[in-house]
Each structure stands twice: as C-alpha cells, then as structure tokens.
Amino acid sequence: MDIKRWFHKICQSVWAIGFIESDIDDILAGKPYQIKWVDVPADCWYADPFILKVTDNIIELLVEKWSYEEEKGSITKLIIDRNSNKIIDSKDILKLDTHLSFPVIYRIEGNIIVCPENSASGCHQAYKYDEKDETLTLVKCICPLPLTDAVMTELLGERILFATQSHDANGNKLDVFKWNAEDGIFVLSSSISFDEKIARMAGHFFEHDGVVYRPAQVCNTAYGQAVSLQRVEKKDDVIKMVEIRRLFSTHERLHNGMHTFNLSQGIIVVDAWGWIHPFLRKLFVDDWGNMKSWVLWVSGLKKRSVKS
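Residues numbered from 1 in each chain as written. Predicted model: local features only at pLDDT ≥ 70, side-chain atom pairs only at ≥ 80, totals over all residues. Heavy atoms only, no water.

(A) The overall build of the protein, seen in detail. Across its full length, the protein holds four helices and 20 strands. The C-alpha atoms of the protein give 20 Å as radius of gyration, which agrees with the globular expectation for 308 residues (19 Å, within 12%). In terms of overall dimensions, the protein has C-alpha extents of about 70 × 45 × 40 Å along its principal axes. Per-residue burial for the protein yields a buried fraction of 50% across its 308 residues. (Helix = DSSP H or I, 4+ residues; strand = E, 2+ residues; numbered from the N terminus. Rg over C-alpha atoms; globule rule 2.2 N^0.38 Å. Buried < 20%, exposed > 50% of the residue type's maximum accessible area, 1.4 Å probe, protein only.)

(B) The arrangement of the pairing of strand β8 (residues 111-117) in detail. For β8, a buried count of six out of seven residues is recorded, marking the element as mostly surrounded by other parts of the structure. The pairing of strand β7 (residues 101-108) with β8 spans six bridges and is classified as antiparallel. Across the sheet, the residue bridging to Ile-108 is Asn-111, located in β8. Turn length for the β7-β8 hairpin, with the two strands adjacent in sequence and antiparallel, is two residues, and the turn residue Glu-109 shows positive phi of about 50°. Bridge count between β8 and strand β9 (residues 124-130): three bridges; the pairing is antiparallel. Bridging from a neighbouring strand, Ile-112 pairs with Tyr-129 of β9. Counting the residues in the hairpin turn of β8 and β9 gives six residues, including Gly-122, whose phi is positive at 80°. (Pairing = 2+ DSSP bridges.)

(C) Molecular detail of the pairing of strand β18 (residues 238-247). Where strand β17 (residues 226-235) lies against β18, nine bridges are found, and the strand directions are antiparallel. Residue Leu-229 lies in a different strand from β18, and its bridge partner there is Arg-245. The loop that links β17 with its antiparallel partner β18 comprises two residues; one of these, Asp-236, has a positive phi angle of about 55°.

(D) Examining the sheet that holds β18 more closely. Within the open sheet, the four strands sit side by side as β15-β16-β17-β18. Their pairing is antiparallel. With one partner strand each, in any of the chains shown, β15 (206-208) and β18 form the two edges of the open sheet. Here the strands of the sheet are splayed against their neighbours by 40° on average, with no regard to which way each runs. Pairing of strand β16 (residues 211-218) with β17, which is carried by seven bridges, proceeds in the antiparallel orientation. Bridge pairing links Tyr-213 to Arg-231 in β17. (Axes fitted to C-alpha atoms, helices over the stretch in contact; angles between N-to-C directions.)

(E) Fine view of the pattern of salt bridges. Evaluation of the coordinates by the stated rule reveals 17 salt bridges. For the salt bridge of Glu-70 with Lys-95, the shortest nitrogen-to-oxygen distance reads 3.1 Å. Of this pair, Glu-70 sits in the loop between β4 (58-67) and β5 (72-81) while Lys-95 sits in the loop between β6 (87-94) and β7, and the two are 25 residues apart along the sequence. A residue is classified by how much of its surface remains accessible, and Glu-70, at 39% relative accessible area, is partly exposed. Given the relative accessible area of 45%, Lys-95 is considered partly exposed. With a shortest N-O distance of 2.8 Å, Glu-154 and Arg-159 are connected by a salt bridge. With relative accessibility at 45%, the residue Glu-154 sits in the partly exposed group. With a relative accessible area of 26%, Arg-159 lands in the partly exposed category. (Salt bridge = Lys/Arg side-chain N within 4 Å of Asp/Glu carboxyl O.)

(F) The arrangement of the sheet that holds strand β19 (residues 261-264) in detail. Pairing is antiparallel across the open sheet formed by four strands, whose spatial order is β2-β1-β20-β19. Of all strands in the sheet, those bounded by a partner on one side alone are β2 (35-37) and β19. Between one strand axis and the next, the sheet turns through 30° on average, direction left out of account. Pairing of strand β1 (residues 13-20) with strand β20 (residues 267-275), which is carried by seven bridges, proceeds in the antiparallel orientation.

(G) Quick look at the state of the cysteines. In this structure the tally under the stated criterion is one disulfide. At a sulfur-sulfur separation of 1.9 Å, the disulfide partner of Cys-123 is Cys-141. Of the two residues, Cys-123 sits in the loop between β8 and β9 while Cys-141 sits in strand β10 (residues 135-143), which places them 18 residues apart along the sequence. You can call Cys-123 buried: its relative accessible area is 13%. Looking at Cys-141, the relative accessible area reads 24%, which means it is partly exposed. For Cys-143, which is in no disulfide, the shortest distance to another cysteine sulfur is to Cys-141 and amounts to 6.7 Å. (Disulfide = S-S within 2.5 Å.)

Read these as spatial facts, not as claims about activity.
See below:
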C-alpha cells in the first residue's frame, strides 16, 4: 500500500447515527438533550439518516453507507429495533460509480420518491422507491446542476428546492430553485446569503405550531460542525431564515460535529462524526487536513530509495 492510501485509511472520518430522546418542543425551547446512539459496524459507517417508516417496534431509515473497502458512499435501508436500538437488518438499495449520500425522501401523489446527493454526476436525480422489492428506479433528472444536499419543500406555499452547489458546497450562499412544471425541472430563482457558512441543508424542512423550520449545517471552520435550526419566513418572494438554536454532538468519541437533523412521526434522527484514529490523525495531519511536512519528507525519502 502506498503512503497516500495508507494515510487516507488511518486518517479518515467515521460517522454514527442516533435518536434524540427529547421532543421537538424541548429542542426548540433550548433545553438540554440526550442522544441514543446506534453502534458503528466494523466494515462501514452510516450517516445522513432520513426516516422512511416508524412502527411501535422498528424504525426504518434510508442512509448513506460508506464502505471502507470501496471508499465511496451508497444508499442503504436500515431497520432499527426501537427497544434495543440495534440494527436488525440492512440492505443496499442504490450503488453507482459515483458517490451517493443524503437520501432525501418525499411522498408525492402516493409514491415514495428519493433524491440522493450525487453532485459528482452533475445532475440532481429523482428515484422511485418500491416498498415490496426494496429498490430504487431512476425517474428523471430534476435539476441539471451539481447540487449538494438539496431539499424540496411545499411548506412555503409552492414547490421550492434549496441547495448549495458543489463549487461552494459548505459556503454561505443558499440557492433557491422554483419548479418549472412545463419543463419538469427546478430552475434557479434566487439566492440567500448568510453572515456565516450555514447555507448547506441538514435535513427536511418541518412545521411546528404553525412555524416552518430549516435544519442547516454549520461549516465555519470545518464540514458539518453542528446543526443550525432556523425559523423560515416567506413574504411574497422574499425568504428570511433566522437561527434559533445550534445542536452539537453528544457522542463520547465522535464529537467533531453533527450535520443531519430529521423529524418525522415524532422521531428525531441525527448523526455525528469524528476521526477513526484521532491520535494518528493529529500526528500526521495539520488543522487543514493536509499531510504534515515530515510525512511528505518520509514519503519522498521512500521513493528515492526505491529508485536507487
């Protein structure tokens, strides 16, 4: 294994999913919260959880699955036992040549539509989910741009898609796309700028007590540091978003950040991340994620010895 591949393996991040045990009233009121975390498997990790189904006994999620072997993400269905909080079944339902994540779930005209993040393809695509076969079938491209973590809502009186784009995925500009029924695609309409890097979406919009809220990612000094819950107001074509609270990871080991928040059927699911080998990463990597100079020197020395 060459040194860069080895470096990547020991210094990469790892994620976990968990369920907030407080209700949404307490969260919005700023009260303390606890998160019940799901154990991380040995051969992969799960992130970007979206709630597919809830019963008295189980919670079904669609998530990003990152495979250590393949080194890219795919979309997986998880079934979580509500009593033990353990994964009792998992099934990969969508794999492509490009990285997949953030499987947003919509219910439209009796159909379950899933729109995962796949900015590497250059297009935001919609898939139809078959509950019986547990499969995703491509429907069409709904926006011909490399969108990152795009989320559509109709809670603001019309069908609007919000997303950042891959060239500035973690920045301070949130693009607003309106639905063009004639062409069947979302078209860029306007942008919203923030004073901080809190534009990237972190989950579904939700409504509570007549107020619409947006979960957003805090990316000021790193990707996915925290979740920003923002109150959303729309008057005519002007959309304003005001932060009311930030949520941080409570995981004892994975405390670097939290970047997904989804509320459905009384369940709140989130994720958290940290380093797979924190000490080694600190030893080999600087604050910007680059190999330290001494590692590069050793790498160069090794190459010279091979050539000689």
